[in-house]
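Residue-level structure breakdown
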Amino acid sequence: MERDKLIRVLLLQDLATSNNWGGVQTMTHTLQLALQEQGFVVNALPWQHSKFGELLRVARQSDVVVASHNFGPTYCGVAIKVLTRKPLVSWVHGPLLDVLSTSKASWWKRQWLKHVYGYVDQFVCVSKTTEDSLLGFLSKGRAPSTNSEKSSSASSEKTARSVVIPNGLAPLADKGEPFVSDVQAPSTNLSIGYIGRLSEEKRPHLLLEALRNLPADTHLCIVGDGVLRQALEDSSKDLMYESDIYDKLEQCDGFIVVSPIHWYSVSTQVKAMFDRLVCANQTITKEEALEIFGKGNIKNSELTGKVEITNQHRDKLKNHLEGKWAAFYVHGDNGANDYNGNPPDI
């Protein structure tokens, strides 16, 4: 793209670490690359780990300041705007009213936030829901004299200060075709992915509820961290592969078991895995057991443990691991350092 003048952008972002990748961090990097491809000169700086004097110097050399989200980077951006008079753009990634409600933000915090947002020249929202929540927060507490004044005020605020640019999506036509024509099909091979913060306002638990109503071969991958991580792990145990691990072992060509040694002892995970491998070797499914022994010898579709396995029965047993390769990677941890700092058994 040819321009008479290069447009320089100061991008204020959080410091990228192994604990905050995904979500906002991923989209910020995508924004930086996209702007550079369009000919913009982008200086991306971690606002918390940069000297304020350095941020001011770069801002004075820039044409616009962009805050990667509407909290810390925007607060810093407002201070820079006041001192440099550079236009400020704030990127809003989620429903603000839900975030404030979940965090139990005080009345004082909300009023201060409204004052801070008054300095922002342009809000870029990732969805219509996000924009509605932002504008609802900004207009809350105002008392226009008439309905027409209220409508006019909201419309002008939206036109002048906010725009919706969906994350990772091209603009959709008003009457476009749906993405999924029939999710009730017996087999869709549908894969669903989520990358972001695991917090209440993101409502990631809805993904688990949806997965339970989708075909059995649907896969869900959640990447992220947050206060809801443990709750999501606990509530999704019935959806994990472990519930049908024997089917997975039969389908795979091989398997790898990776685990540390804890204080000279094999971990519980390795012991549990060996137990499942033993069960997969020369064993039968519930359906096969019913066929071999008959319903009279089976209680609640489970073997009672008192059924005698004869040679003719043994011939019908199936080795689900036959012909598969196996690998075990077992390594030491930091345990037993008191043993001369170098435990030889490990």
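Residues numbered from 1 in each chain as written. Predicted model: local features only at pLDDT ≥ 70, side-chain atom pairs only at ≥ 80, totals over all residues. Heavy atoms only, no water.

**Remarks on the packing of helix H3 (residues 72-84) against helix H5 (residues 107-117)**
Here is the rule we go by: A fitted line through C-alpha atoms represents every axis, and for helices the fit uses only the stretch in contact; the resulting angles, taken between N-to-C directions, go from 0 to 180 degrees. Secondary structure elements are taken from DSSP: a helix is a run of H or I of four residues or more, a strand is a run of E of two residues or more, and numbering for both begins at the N terminus. Each angle is binned into one of four classes, with values under 35 degrees roughly parallel, values over 145 roughly antiparallel, values of 65 to 115 roughly perpendicular, and all other values oblique. By definition, turning the near helix anticlockwise from the far helix through less than a right angle yields a left-handed crossing, and turning it clockwise yields a right-handed one. Only heavy atoms matter for contacts: two residues are in contact if any of them lie within 4.5 Å across the pair. Three categories are distinguished: nonpolar for Ala, Val, Leu, Ile, Met, Phe, Trp, Tyr, Cys and Pro, charged for Asp, Glu, Lys and Arg, and polar for the others, with Gly belonging to the last.
Contact geometry for H3 and H5: axes closest at 10 Å, N-to-C directions at 50 degrees. Comparing their axes, H5 and H3 come out oblique. You can see that H3 and H5 cross each other, and the crossing is left-handed. Residue-level inspection shows Thr-74, Tyr-75 and Val-78 of H3 in contact with H5, the latter providing Lys-109, Trp-112, Leu-113, Val-116 and Tyr-117. A per-class count over the contact of H3 with H5 returns six nonpolar, one polar and one charged.

**Looking at the side chain of Ser-68**
Examined against the element boundaries, Ser-68 turns out to sit in the loop between strand S3 (64-67) and H3. Contacts of Ser-68, omitting those with residues within four sequence positions, involve Leu-12, Gln-13, Asp-14, Val-24, Thr-28, Pro-73, Trp-91 and His-93.

**Comments concerning the sheet that holds strand S5 (residues 122-125)**
Selection criterion: At least two bridges found by DSSP between two strands are what make those strands a pair.
In spatial order, the strands read S2-S1-S3-S4-S5-S6; together these six strands make up an open sheet with parallel pairing. Looking at which strands have only one partner, the edges of the open sheet turn out to be strand S2 (41-46) and strand S6 (162-164). Sheet twist, expressed as the mean angle between neighbouring strand axes with direction ignored, is 20 degrees.

**What to know about the nonpolar core**
Soluble, globular proteins show a tendency: their nonpolar side chains are buried together. Worth spelling out the cut-off: To form a nonpolar core, buried Ala, Val, Leu, Ile, Met, Phe, Trp, Tyr and Cys residues must be joined to one another through side-chain atoms within 4.5 Å. Burial classes follow relative accessibility: with a 1.4 Å probe on protein chains only, a residue under 20% of its type's maximum area counts as buried, one over 50% as exposed, and anything between as partly exposed.
In this structure, Leu-10, Leu-12, Ile-80, Tyr-117 and Leu-134 are the most contacted members of the largest nonpolar core, which totals 27 residues. Elements with a minimum of two residues in this core: strand S1 (8-13), helix H2 (52-60), H3, strand S4 (88-92), helix H4 (96-102), H5, S5 and helix H6 (128-139). In this structure, Val-9, Phe-40, Val-66 and Val-124 belong to the second largest nonpolar core, which totals 12 residues.

Read these as spatial facts, not as claims about activity.
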